[in-house]
Amino acid sequence: MKAPKEVTKVTTHVLQEMKLRQEKISMLTAYDYSMARIVDRSGIDVILVGDSAANVMAGHKTTLPITLNEMIYHASSVMRAVQRALVVVDMPFGTYQGNSLEALLSAIRIMKESNANAVKIEGGQEIMESVDRILSAGIPVMGHLGLTPQSINKFGTYVVRATQEEEAQKLVEDAHKLAEAGCFAIVLEKIPAVLAEKVSREIPIPTIGIGAGSGVDGQVLVLHDMLGINQDFSPRFLRRYNNLYNEIKGSVESYISDVKNQKFPNKDEQY
Ligand code: KIV
């Protein structure tokens with residue numbers, strides 16, 4: 001009998017090597033066991049347990065309401081499914097801004113209670129003390145610059161960021177600072193492609209883009225958006241690989257009709 005094939009786990013070092021050999025990194029979100037299992041077995045490099053769970057799983061308008069306990073619940077469910085992908089967990093709003101000790105304790109809770117591989121934090125210079133403190137505990141940190149949805153109340157809108165020189169300059173500086181601090185990768189969300197390419201060329205760690213063009217080291221999308229489960233969100237950067245809203249709705253309608261018309265169950269489906 002053949003021995004089962006060994007699965008080689010993706011680590012932060014593997015991502016670094018991928019950047020060096022210019023192999024693009026694939027990343028998708030997942031928030032639960034069943035979806036994470038499919039995504040992992042498909043060969044994705046990184047799974048992000050994003051705080052977008054607040055939107056797609058819980059129906060909130062922003063990512064702000066999700067709690068640390070809820071993120072740990074989602075991350076633990078994902079971790080029970082994953083064999084190969086590197087799993088990164090978003091630190092939710094209010095758990096790392098302004099107090100680096102709270103940031104450290106929140107990151108430790110995520111790592112200890114979910115068994116995840118890394119955390120992600122939104123922001124640059126203003127959260128650097130928290131980044132340093134989490135890194136010093138041996139926890140890998142992914143940065144997130146550009147459109148940072150936890151700051152929606154400051155921005156007031158989800159439009160493209162860093163189109164003006166001053167904001168673009170700050171983004172480049174922040175990317176360098178995060179890389180120098182020891183972050184293993186940075187998400188660049190909804191910024192001009194030219195700027196994302198410049199950052200990706202200049203910094204030594206991988207950049208993962210969402211709405212940041214093709215000159216980055218990898219791409220990330222929200223799973224429910226790219227599968228077409230969520231139909232209310234259609235920014236220019238989103239490519240839909242399926243239309244699961246219609247497929248699932250069609251299946252549920254067929255089931256309802258079969259139940260009503262006594263076509264389900266049939267003789268072979270009973271005991
Ligand atoms: O929460 C999330 O899904 C994210 C991605 C959009 C990068 O942060």
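Everything numeric in this text was worked out from a predicted model, so none of it was measured.

Draft legend 1. Expanded view of the overall build of the chain. In terms of helices and strands, the chain carries 11 helices and eight strands. Taking 18 Å as the expected radius of gyration for a compact globule of 271 residues, we find that the chain reaches 20 Å, a close match to that expectation. When the backbone C-alpha atoms are referred to their principal axes, the chain occupies close to 70 × 50 × 35 Å. Residues classed as buried in the chain amount to 48% of the 271 residues present. Taking the intrachain contacts of the chain between residues at least 6 apart in sequence as the baseline, contacts between residues at least 24 apart amount to 59%. For the chain, the accessible area works out to roughly 14,600 Å², and carbon and sulfur atoms hold 52% of it. Taking the average location of the 29 positive side-chain charges in the chain and that of its 32 negative ones, the two points are 5 Å from each other.

Draft legend 2. Expanded view of the domain arrangement of the chain. Looking at the chain, the domain boundaries give domain 1 (12-240) and domain 2 (244-271). Summarising the inter-unit geometry, the C-alpha centres of domain 1 and domain 2 are found 39 Å apart.

Draft legend 3. How the structure looks around the layout of surface pockets. Size it by volume and the largest pocket reaches roughly 780 Å³. Surrounding the largest pocket, 34 residues form its lining, S52, N55, V222, D225 and F233 being those nearest its centre. Counting only elements with at least two residues in the lining of the largest pocket, the list comes to β1 (25-29), α3 (53-56), β4 (118-122), β6 (185-189) and β8 (218-221). The class makeup of the residues in the lining of the largest pocket is 15 nonpolar, 10 polar and nine charged. Of the pockets and cavities examined, the second largest pocket occupies roughly 430 Å³. Considering the residues around the second largest pocket, the lining is formed by 22 residues, among which G123, E126, T148, K154 and F155 are closest to the centre.

Draft legend 4. Just the packing of helix α6 (residues 128-136) against helix α8 (residues 165-181), in detail. One way to put it is that α6 packs onto α8 with a least axis distance of 10 Å and a crossing angle of 20°. In this view, α6 runs roughly parallel relative to α8, as classed from their interaxial angle. As α6 packs across α8, the resulting crossing turns out to be right-handed. Taken together, the residues of α8 that come into contact with α6 (itself represented by M128, V131, D132 and L135) are K177, L178 and A181.

Draft legend 5. Layout of the pattern of salt bridges. If you walk through the whole model with that rule in mind, you get 12 salt bridges. The partner of E23 in a salt bridge is R21, and the shortest N-O contact between them spans 2.9 Å. Looking at E23, the relative accessible area reads 36%, which means it is partly exposed. Across the pair R84 and D45 runs a salt bridge whose closest N-O atoms are separated by 3.4 Å. You can see R84 sitting in the loop between α4 (68-79) and β3 (86-90) and its partner D45 sitting in the loop between α2 (33-41) and β2 (46-49), a full 39 residues away along the chain. Overall, the relative accessible area of 26% leaves R84 in the partly exposed class. Residues joined in a network through salt bridges with shared partners are E126, K170 and D174.

Draft legend 6. Structural detail: the environment of I121. Summarising the element assignment, I121 is placed in strand β4. Sequence spacing of I121 and V199 is 78 residues, and the spatial spacing of their C-alpha atoms is 18 Å. If we ignore the near neighbours within four places in the chain, the residues touching I121 are M91, Y96, I127, V131, I134, V141, M142, G143 and H144.

Draft legend 7. A look at the site of the ligand. Near the ligand, the surroundings consist of T29, L48, G50, D51, S52, D90, K120, H144, V187, E189, I210 and V222. A distance of 2.5 Å separates an oxygen atom of the ligand from a polar side-chain atom of S52. One of the side-chain nitrogen or oxygen atoms of K120 is found 2.9 Å away from an oxygen atom of the ligand. Of all the cavities here, the one that holds the ligand is the largest pocket.

Draft legend 8. Representation of the packing of aromatic side chains in the model. Summed over the entire model, instances satisfying the criterion amount to two aromatic pairs. Look at F233 and F237: their rings are 6.5 Å apart centre to centre, the planes differ by 70°, and that puts the pair in the edge-to-face class. By relative accessible area, which is 37% here, F233 ends up partly exposed. Looking at F237, the relative accessible area reads 25%, which means it is partly exposed. The ring centre of F155 lies 3.8 Å from the NZ or CZ of R161, which sits over that ring.

Calculation notes
- Residues numbered from 1 in each chain as written.
- Predicted model: local features only at pLDDT ≥ 70, side-chain atom pairs only at ≥ 80, totals over all residues.
- Heavy atoms only, no water.
- Helix = DSSP H or I, 4+ residues; strand = E, 2+ residues; numbered from the N terminus.
- Rg over C-alpha atoms; globule rule 2.2 N^0.38 Å.
- Buried < 20%, exposed > 50% of the residue type's maximum accessible area, 1.4 Å probe, protein only.
- Contact = heavy atoms within 4.5 Å.
- Areas by Shrake-Rupley, 256 points an atom, 1.4 Å probe, with all protein chains shown as cover.
- Lys, Arg positive; Asp, Glu negative; His and termini not counted.
- Charge placed at Lys NZ, Arg CZ, Asp CG, Glu CD.
- Domains from an automatic or database assignment.
- 1 Å grid on protein atoms, 1.4 Å probe; cavity = no way out; pocket = protein on both sides within 12 Å on 5 of 7 lines; lining within 4 Å.
- Points joined across faces, edges and corners; volume = space filled by probe spheres on them.
- Nonpolar A, V, L, I, M, F, W, Y, C, P; charged D, E, K, R; others polar.
- Axes fitted to C-alpha atoms, helices over the stretch in contact; angles between N-to-C directions.
- Parallel < 35°, antiparallel > 145°, perpendicular 65-115°, else oblique.
- Left-handed = near helix turned anticlockwise from the far one by under 90°.
- Salt bridge = Lys/Arg side-chain N within 4 Å of Asp/Glu carboxyl O.
- Near = heavy atom within 4 Å.
- Polar contact = N/O pair within 3.5 Å; in protein donor to acceptor, adjacent residues only side chain to side chain.
- Sits in = over half its atoms within 2 Å of the grid points.
- Phe/Tyr/Trp six-rings, centres within 6.5 Å; stacked < 30°, edge-to-face > 60°.
- Lys NZ or Arg CZ within 6 Å of the ring centre and 35° of its normal.

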